[in-house]
Amino acid sequence: MRKVAELHEGKAKIIYSTPDEDQLIVYYKDDTTAGDGAKRAQIQGKGPLNLKISTYFFELLAENGVKTHYLETLNDREMLVRKVEIIPLEVVVRNIAAGSIAKRLGFPEGEKLPRTVVEFYYKDDSLGDPLVNRHHVLVLGAASCEEMDKLEEQALLVNSILEPHLLEKDLILVDFKLEFGRTKDGEILLADEISPDTCRFWDRQSREKLDKDRFRRDMGGVAEAYEEVYRRLSEK
Ligand code: TMP
Ligand code: ASP
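Given the structure is predicted, the values throughout are model-derived calculations rather than measurements.

A. Summary view of the sheet that holds strand S3 (residues 23-28). With respect to topology, 5 strands assemble into an open sheet ordered S1-S2-S3-S7-S6, the strand pairing being antiparallel. Each of the sheet's edge strands pairs with one partner strand only, and the pair in question is strand S1 (6-9) and strand S6 (70-73). Within this sheet the neighbouring strands show an average axis-to-axis angle of 25°, counted without direction. In terms of strand pairing, strand S2 (residues 13-17) meets S3 through 5 bridges, oriented antiparallel. Pairing of Ser17 across the sheet is with Leu24, part of S3.

Encoded structure:
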């Protein structure tokens, strides 16, 4: 499959049309940003690593009954996916307090939450992707009640597959962000990417951060951490 026209350039990926109107090519860039693009850098080799890690997770999830946009990995930067209309919500699942929930609700970072939390954020950079509740999602017209139920159910299903799988690789799944889209027939598919850009992974013993927090918090060793995640995943 070949790229026809650039449709959209995001912060970390570029979307291209293909000769098949139901398929798109996602190109994974080395660019990384934080704070809605306020901080930017190029991390050599990040695109190919995120592509390999996302491929791994999309294949694992598909084997476990999650419907995703993933079709095929074409080369070291490009993934062929089914075309969807992205639902403008970031669906975040949290097992352990970190990042914004630690700041907002005062849970100490690293504390296991009494139960798994699912949150919706409205995808709008000009508003800073605000946390929204179900009423907000309805007045924004971002998704219907039935769709929100489905997003929550699918997000928890993804968590129930990934969390134990990662623990076997000595990785703690602290939290992660998912995006979903609608096909032209109205089917909801898991979309976007699943990578250290969009998840928090901690080493099981040392709790060392192996994800984008190394960039957000200027800790260094970003590519090495992503490499380590891929190494653990690909180990039998
Ligand atoms: P947060 O603690 O900053 O709200 O992040 C929660 C999870 O969502 C974490 O795994 C990182 C991921 N995330 C993204 O993928 N994109 C974003 O823009 C933000 C803010 C978080
Ligand atoms: N999505 C944020 C940005 O655009 C980055 C992040 O914190 O993951 O800058």
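B. Spatial organisation of helix H4 (residues 145-168). Between its first and last C-alpha, H4 extends 35 Å over 24 residues, near the 34 Å set by a 1.5 Å rise per residue. Regarding H4, the residues found buried are Glu147, Met148, Leu151, Gln154, Ala155, Val158, Asn159, Ile161, Leu162, His165 and Leu166. Count one or two residues on from H4 and you reach Asp170, which has phi positive near 60°.

C. How the structure looks around the nonpolar core. Residues Leu89, Leu162, Leu190, Ile194 and Phe201 are the most contacted members of the largest nonpolar core, which totals 51 residues. Grouped together as the second largest cluster of nonpolar side chains are 5 residues, Ile96, Ile172, Val174 and Trp202 included.

D. Main features of the site of ligand 2. Close contacts around ligand 2 come from Lys11, Thr33, Ala34, Gly35, Asp36, Gly37, Lys212 and Arg216, and that covers them all. Measuring from an oxygen atom of ligand 2, one finds a side-chain N or O atom of Thr33 at 2.9 Å. Within the backbone of Asp36, an N or O atom sits 2.9 Å from an oxygen atom of ligand 2. Burial of ligand 2 by the protein amounts to 76% of the accessible area it has alone, namely 270 Å². Applying the majority rule of atoms within 2 Å of the grid points places ligand 2 in the largest pocket.

E. Up close: the pairing of strand S5 (residues 39-42). Two strands pair when backbone bridges link them, and strand S4 (residues 31-34) and S5 are joined in this way by 4 bridges, in the antiparallel orientation. Of the residues in S5, the one forming a bridge with Thr33 is Arg40. In this antiparallel pair of consecutive strands, S4 and S5, the connection spans 4 residues, and Gly35 shows a positive phi of 60°.

F. The packing of aromatic side chains, seen in detail. Scanning the entire structure with this criterion turns up 3 aromatic pairs. When the centroid spacing of 5.7 Å and the interplanar angle of 80° are considered together, the rings of Tyr56 and Phe57 count as edge-to-face. Grouping aromatic residues by their ring pairs yields a cluster made of Tyr56, Phe57 and Phe201. One Lys or Arg, Lys3, reaches over the ring of Tyr16 and ends 5.2 Å from the middle of that ring.

Reading guide: rules and limits
Residues numbered from 1 in each chain as written. Chains lettered and ligands numbered in written order. Predicted model: local features only at pLDDT ≥ 70, side-chain atom pairs only at ≥ 80, totals over all residues. Heavy atoms only, no water. Pairing = 2+ DSSP bridges. Helix = DSSP H or I, 4+ residues; strand = E, 2+ residues; numbered from the N terminus. Axes fitted to C-alpha atoms, helices over the stretch in contact; angles between N-to-C directions. Expected span 1.5 Å × (residues − 1). Buried < 20%, exposed > 50% of the residue type's maximum accessible area, 1.4 Å probe, protein only. Core = buried A, V, L, I, M, F, W, Y, C linked by side-chain atoms within 4.5 Å. Near = heavy atom within 4 Å. Polar contact = N/O pair within 3.5 Å; in protein donor to acceptor, adjacent residues only side chain to side chain. Areas by Shrake-Rupley, 256 points an atom, 1.4 Å probe, with all protein chains shown as cover. 1 Å grid on protein atoms, 1.4 Å probe; cavity = no way out; pocket = protein on both sides within 12 Å on 5 of 7 lines; lining within 4 Å. Sits in = over half its atoms within 2 Å of the grid points. Phe/Tyr/Trp six-rings, centres within 6.5 Å; stacked < 30°, edge-to-face > 60°. Lys NZ or Arg CZ within 6 Å of the ring centre and 35° of its normal.

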